Amino acid sequence: MTTQPKRRYALVGTGGRSYFFYSAIATTYSSTSCIVGFCDTNQTRLNYALSRLTSLGHPPVPLYLASDYDRLITETKPDEVIVTTVDRTHHIYIIRALQLGCNVVSEKPMTIDAPRCQAIFDAVNETKRNVRVTFNYRYAPHNTKIYELLHSGAIGKVTSVHFEWLLNTSHGADYFRRWHRDKRNSGGLLVHKSTHHFDLVNFWLKTRPLSVYAQADLKFYGRENAELRGVTKFYDRVRGNEEGNAKDDPFALDCSKVETLKSLYLDAEHEDGYFRDRSVFGDGISIEDTMNLLVRYKNGAVMTYSLTAYAPWEGLRVNFNGTKGRIEMEVVENSYVNSGGDQSLEGCLERSTILLRPLFEPPGEVEIGEAKGAHGGGDNVLLQDLFGEPVSDEYMRAASHVDGAASILTGIAANRSIATGQVVFVDDILKVPDN
């Protein structure tokens, strides 16, 4: 029997999210996959990533600064490149990897605006290579169960969806400390975070967004909002203010107390000036924390959507109305700060319930099945799909660049609607193939 060679992966962007991928390759999937090189803009972070990789039993790999990205690919010859950089730079690394003959695994969102998205489409068409977008929530058992119910016809034709996602004052606040707080980096939470949620609706309903109307604002975070609530003590970042104005702030994040945060960011900031511990009530925040959308889909369904980034609990409620009944789902997730603890616990379930309400029949709770691990149990299943032995997936959860585009286009259209006050037709921004 011929042994298949291991799939070779290079990774660019060695910040907090990268460990999710390279730790899985170094441990669970070491028989099928291997890391051949790391790339980043910051040498200190590169060195730390290498130390973590080798501590898992993986052989050392060469390190490359971002300016040597081409050399990473030509010298290490990966089959695929994993992109976990700042969102606004995803397209740069995706496109160049495709041009140099590699397939790509991209962290969500695939990119942040229509021109970058079109450039990725052009590169895929020119090179005939593939881009996978890692929508882990598709793989969570409760979300798969929703897919099963809808496609079994349990509530007939879906006519409307109400989707509410709550980010709490731990996880939600964290976006306002980091690079995400600048909309030029992340596209705002309607692109960076909501891409998960919009993808789920596309996946569940097997349709694409037609039009979007949105309203959003910064209502809680930021200095002006804090001043309106009577706050008088402010600081730019925690470092240097541990015994000052940051001392009694429940939102303050002291990176020196968490080994991963210290090594990834505090120890590395002298190279690039990136501060991980900014005050969520500082100036310079250009993203919203309170967002509401009305989305019409090409199959005729309509969704009302809400995202709040300062809630007292973390999770979602989503309800589907159909011609034969209604489905109600509530999911409560574990609170976390990115890289602030055990990554396998990030977004793990506290509880999830699905209630099926057929017309003219008593309601019943739907059995979901066991969910283990981060992001509602989706992470482990996604990793198996990415790096394990290939198996057939009846739900077709693997997401392509087309799926990546369809999800972010809802958020991109929402950003345009917020700016103009108008309904925005998605095809006027970028046309993507229908399902």
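Residues numbered from 1 in each chain as written. Predicted model: local features only at pLDDT ≥ 70, side-chain atom pairs only at ≥ 80, totals over all residues. Heavy atoms only, no water.

Some words on the overall build of the protein chain
Piece 1. Each helix and strand in the protein chain was counted, giving 15 helices and 16 strands.
Piece 2. Relative to the globule expectation of 22 Å for 435 residues, the C-alpha radius of gyration of the protein chain, 22 Å, shows essentially globular dimensions.
Piece 3. Expressed along its principal axes, the backbone C-alpha trace of the protein chain runs to roughly 70 × 65 × 40 Å.
Piece 4. Within the protein chain, contacts between residues at least 6 apart in sequence are counted, and of these 75% link residues at least 24 apart.
Piece 5. For the protein chain, the exposed area adds up to about 17,900 Å²; of that, 50% sits on carbon and sulfur atoms.
Piece 6. Positive and negative side-chain charges of the protein chain, numbering 48 and 54 respectively, have mean locations separated by a distance of 2 Å. (Helix = DSSP H or I, 4+ residues; strand = E, 2+ residues; numbered from the N terminus. Rg over C-alpha atoms; globule rule 2.2 N^0.38 Å. Contact = heavy atoms within 4.5 Å. Areas by Shrake-Rupley, 256 points an atom, 1.4 Å probe, with all protein chains shown as cover. Lys, Arg positive; Asp, Glu negative; His and termini not counted. Charge placed at Lys NZ, Arg CZ, Asp CG, Glu CD.)

A few points about unusual backbone geometry
Piece 1. At the junction of lysine 108 and proline 109, the peptide bond is cis and its omega measures out at -15° in the coordinates.
Piece 2. As for its position among the elements, proline 109 is in the loop between strand S5 (103-106) and helix H5 (114-127).

Comments concerning the sheet that holds strand S6 (residues 131-133)
Piece 1. Taken in spatial order, the 7 strands of this open sheet run S3-S2-S1-S4-S5-S6-S15, and their pairing is mixed. Looking at which strands have only one partner, the edges of the open sheet turn out to be strand S3 (63-65) and strand S15 (399-400).
Piece 2. Across 2 bridges, S6 lies against S15 in antiparallel orientation. By the bridge assignment for S15, arginine 132 is matched with serine 400.
Piece 3. Along the sheet, helix H4 (residues 90-99) contacts strand S1 (7-12), strand S4 (80-83), S5 and S6; its crossing angle with S5, the most-contacted strand, is approximately 160°. (Pairing = 2+ DSSP bridges. Axes fitted to C-alpha atoms, helices over the stretch in contact; angles between N-to-C directions.)

What about the environment of alanine 414?
Piece 1. Along the polypeptide, alanine 414 turns up in helix H15 (residues 401-420).
Piece 2. Placed 120 residues apart in sequence, alanine 414 and leucine 294 show a C-alpha to C-alpha distance of 9.1 Å.

Things to note about helix H1 (residues 18-26)
Piece 1. Counting buried positions along H1 yields 8 of 9 residues, so the element is predominantly enclosed.
Piece 2. Among all positions of H1, only Ser18, Phe20, Phe21, Tyr22, Ser23, Ala24, Ile25 and Ala26 are buried.
Piece 3. Against S1, strand S2 (33-40), helix H2 (43-55), S4, S5 and helix H14 (378-387) lie the buried residues of H1. (Buried < 20%, exposed > 50% of the residue type's maximum accessible area, 1.4 Å probe, protein only.)

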